[in-house]
Amino acid sequence: MSDKVAIILAAGVSSRMNTRLPKVLHEVTGRPMLAYVLDACRSVGVEKIYVVVGFGGDQVRHRFAEASDVVWVQQAEQLGTAHAVLCCKEHLKDFDGQTMILCGDGPLIRPGTLKTVIEKHEAEQAAATLATAVLEDPTGYGRIIRDAYGNMQGIVEHSDCTPAQRAIKEVNPSYYLFNNQVLFGALERIKPENVKGEYYLTDALALIITTGHKVVAVTAVRPEEAVGVNSRAQLSVASKIMQRRIQQDLMENGVTIVDPDNTWIDARARIGQDTVIEPFVYIHGEVTIGSACRIGPFAFLRHGTVLGDDVVLGVFTEVKNVRLDDGVRARHHSYLGDAVVGKNVNVGAGSITANFDGENINQTNIGDDCYIGSGAVLIAPLMLEAGAQVGAGQVVSQDDADGLREPRR
Ligand code: UD1
Ligand code: CA
């Protein structure tokens, strides 16, 4: 076993979300929240991640079935965050290393924050280290209690705070690192003596301090990174913050985004240098865009789209599960679905692939240098050879396709 493991808490029922879907499967910019938290653990070298599931646990396991570094732990009854961690006891009771604990509803965690926590923990030789944030509006979060010297004394949950404690703006985003043996020692002693009657993980810190161990709280979390998703409103806030990060990264990598507030780009999208994204573009799913493309305004790029270089997709163009090679143009009002389109193909205004026959989705192949006139309907399955010309308004099925060598504009 490596010297560092992680526990991610993801068993809660999430009544505030008013949902039947497990909370951690709700998506932020196209990925389930849990995916981000898992990635954050991996980014700091954690090789084994215990994910505590309960409500909808089977769905969560199913969605992450390929994650070979995850050990699933069932929490049958949701008795609180400390109880959730205790569910990992059979796996970790003999483990002598460090245990990182994160919540599955905190997708905005950054690897850099975890690195800071680890470094601080090791430099201070602490038994527990947590990262904190200072929020203008700390409502709902556990408050960090410090003494007159600034030493951490414990955490008090929002609903258990005195009016004076409520005024504290330093909060607990739930990013912790513990000495594993000290952690499990403290968990055994936590009692559900609070307004909610739950076993609170946050109580572990005061208990660890009273047994003479060192607890360090490092104010290392930017306010926008601390957002925990407990409601649909917070889900939209987290999504917006993630969207800004995605766009920031793309712009640093040489992509022009003309109007960031009116553009939505999935976390899984890859976009090449000098591509310009015009306003009101929506990119959803695994989408790859080459260099020097021009996308939008008002284009919808869906899952499975791969664009070469110098591709132009204009106004009200929708693409899904397509490969468009270099130099393809589809400037106005087209739909291309389940197609492979060769180099320099021009798709005229209003032309579409009729890819669904009512029962099956069928494939369209368009060779290099084809010319598709305006308003054409390409009935799949269809194979157009290189250089084929489809006239304006033509409805083309495979039977017609062979006679399309002559220019018919
Ligand atoms: C928790 C912290 C709070 C912190 C906030 C940050 C506690 C007691 N409080 O509050 O200090 O400011 O996160 O976002 O820890 N869960 C389980 N099993 C349970 C209960 C919860 O797995 O029995 C999971 C939930 O699915 C969730 C996470 O633990 O992913 C946190 O639980 P939640 O109820 O959201 O706690 P908060 O009230 O947000
Ligand atoms: Ca929460």
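Residues numbered from 1 in each chain as written. Chains lettered and ligands numbered in written order. Predicted model: local features only at pLDDT ≥ 70, side-chain atom pairs only at ≥ 80, totals over all residues. Heavy atoms only, no water.

Chemist: Please set out the site of ligand 1 residue by residue, giving values where relevant.
Modeler: Near ligand 1, the surroundings consist of 24 residues, among which Gly12, Gln75, Gly80, Glu157 and Asn172 are the closest. Here an oxygen atom of ligand 1 and a backbone polar atom of Leu9 are 2.9 Å apart. Taking Thr81, its side chain carries an N or O atom lying 2.8 Å from an oxygen atom of ligand 1. Mapping ligand 1 onto the cavity grids shows that it belongs to the largest pocket. Secondary-structure elements contributing two or more residues to the shell around ligand 1 are strand 1 (4-10), helix 3 (81-86) and strand 10 (170-179). For the shell around ligand 1, the residue count by class is nine nonpolar, 11 polar and four charged. (Near = heavy atom within 4 Å. Polar contact = N/O pair within 3.5 Å; in protein donor to acceptor, adjacent residues only side chain to side chain. 1 Å grid on protein atoms, 1.4 Å probe; cavity = no way out; pocket = protein on both sides within 12 Å on 5 of 7 lines; lining within 4 Å. Sits in = over half its atoms within 2 Å of the grid points. Helix = DSSP H or I, 4+ residues; strand = E, 2+ residues; numbered from the N terminus. Nonpolar A, V, L, I, M, F, W, Y, C, P; charged D, E, K, R; others polar.)

Chemist: Give me the lowdown on the layout of surface pockets, citing residues and values where you can.
Modeler: One number sums up the size of the largest pocket: a volume of about 1200 Å³. Around the largest pocket, the lining is made up of 47 residues, and of these Arg16, Lys23, Thr81, Asp105 and Asn230 lie nearest the centre. Elements with a minimum of two residues in the lining of the largest pocket: strand 1, helix 3, strand 6 (98-103) and strand 10. When residues in the lining of the largest pocket are grouped by element, the largest group, five residues, is from strand 10. Residue classes in the lining of the largest pocket are distributed as 21 nonpolar, 20 polar and six charged. Here the second largest pocket defines a volume of roughly 700 Å³. Every residue lining the second largest pocket is counted, 25 residues in all, and those nearest its centre are Tyr36, Met242, Arg245, Ile246 and Asp249. When residues of the lining of the second largest pocket are traced back to their parent elements, those giving at least two are helix 1 (33-43), helix 9 (232-252) and strand 14 (270-271). (Points joined across faces, edges and corners; volume = space filled by probe spheres on them.)

Chemist: Got a sec to walk through the environment of Gly150? Specific residues and values, please.
Modeler: Inspection of the secondary structure assignment puts Gly150 in the loop between strand 8 (143-146) and strand 9 (152-156). The exposure class of Gly150 is partly exposed, given its relative accessible area of 29%. In this structure, the C-alpha to C-alpha distance between Gly150 and Pro138, residues 12 residues apart in sequence, is 19 Å. (Buried < 20%, exposed > 50% of the residue type's maximum accessible area, 1.4 Å probe, protein only.)

Chemist: Let's hear about the nonpolar core: which residues, and what values?
Modeler: Counting residues in each nonpolar core, the largest one holds 89 residues, and the members touching the most others are Val51, Ile283, Ile295, Leu301, Leu324, Ile372 and Leu384. Take this core: its biggest share by element is eight residues, from helix 1. In contact with Leu301, not counting residues within four places along its chain, are Tyr282, Ile283, His284, Val287, Ile289, Ile295, Leu307, Leu313 and Val319. Judged by nonpolar contacts, the second largest core, of 36 residues, contains Cys87, Cys88, Ala127 and Leu130. (Core = buried A, V, L, I, M, F, W, Y, C linked by side-chain atoms within 4.5 Å. Contact = heavy atoms within 4.5 Å.)

Chemist: Now, about the coordination of the calcium ion (ligand 2): what can you tell me, with residues and values included?
Modeler: Distances from the calcium ion (ligand 2) to its protein donors, Asp105 (OD) and Asn230 (OD1), fall at 2.3 to 2.4 Å. In this pair, Asp105 sits in the loop between strand 6 and helix 5 (111-123) while Asn230 sits in the loop between strand 11 (215-221) and helix 9, placing the two residues 125 residues apart along the sequence. (Donors = N, O, S within 2.8 Å, 3.2 Å for Na, K, Ca; no water.)

Chemist: So what's going on with the packing of aromatic side chains? Which residues, and what values?
Modeler: Applying the stated rule across the entire model yields four aromatic pairs. Relative to Phe300, the ring of Tyr282 has its centre 5.3 Å away and its plane inclined at 0°; by these criteria the two rings are stacked. In this pair, Tyr282 sits in strand 16 (residues 281-283) while Phe300 sits in strand 19 (residues 299-301), placing the two residues 18 residues apart along the sequence. With relative accessibility at 34%, the residue Tyr282 sits in the partly exposed group. (Phe/Tyr/Trp six-rings, centres within 6.5 Å; stacked < 30°, edge-to-face > 60°.)

Chemist: Got a sec to walk through the sheet that holds strand 31 (residues 389-390)? Specific residues and values, please.
Modeler: Within the open sheet, the eight strands sit side by side as 12-15-18-21-23-25-28-31. Their pairing is parallel. Single-partner strands in this sheet number two, and they are strand 12 (256-257) and strand 31. Sheet topology note: the strand 23 (residues 329-332)/strand 25 (residues 346-347) ladder contains two bridges and is parallel. In the sheet register, Arg329 faces strand 25, and the bridge partner there is Asn346. (Pairing = 2+ DSSP bridges.)

Chemist: Any chance you could break down helix 8 (residues 203-210) for me, citing the residues and the numbers?
Modeler: For helix 8, every residue scored as buried is listed here: Ala204, Leu205 and Ile208. Each buried residue of helix 8 lies within a common arc of 100° when the element is viewed along its axis, so the set occupies one face. Of the surrounding secondary structure, the elements contacted by the buried residues of helix 8 are strand 7 (128-134), strand 9, strand 10, helix 7 (180-187) and strand 11. (Arc of directions from axis to C-beta.)

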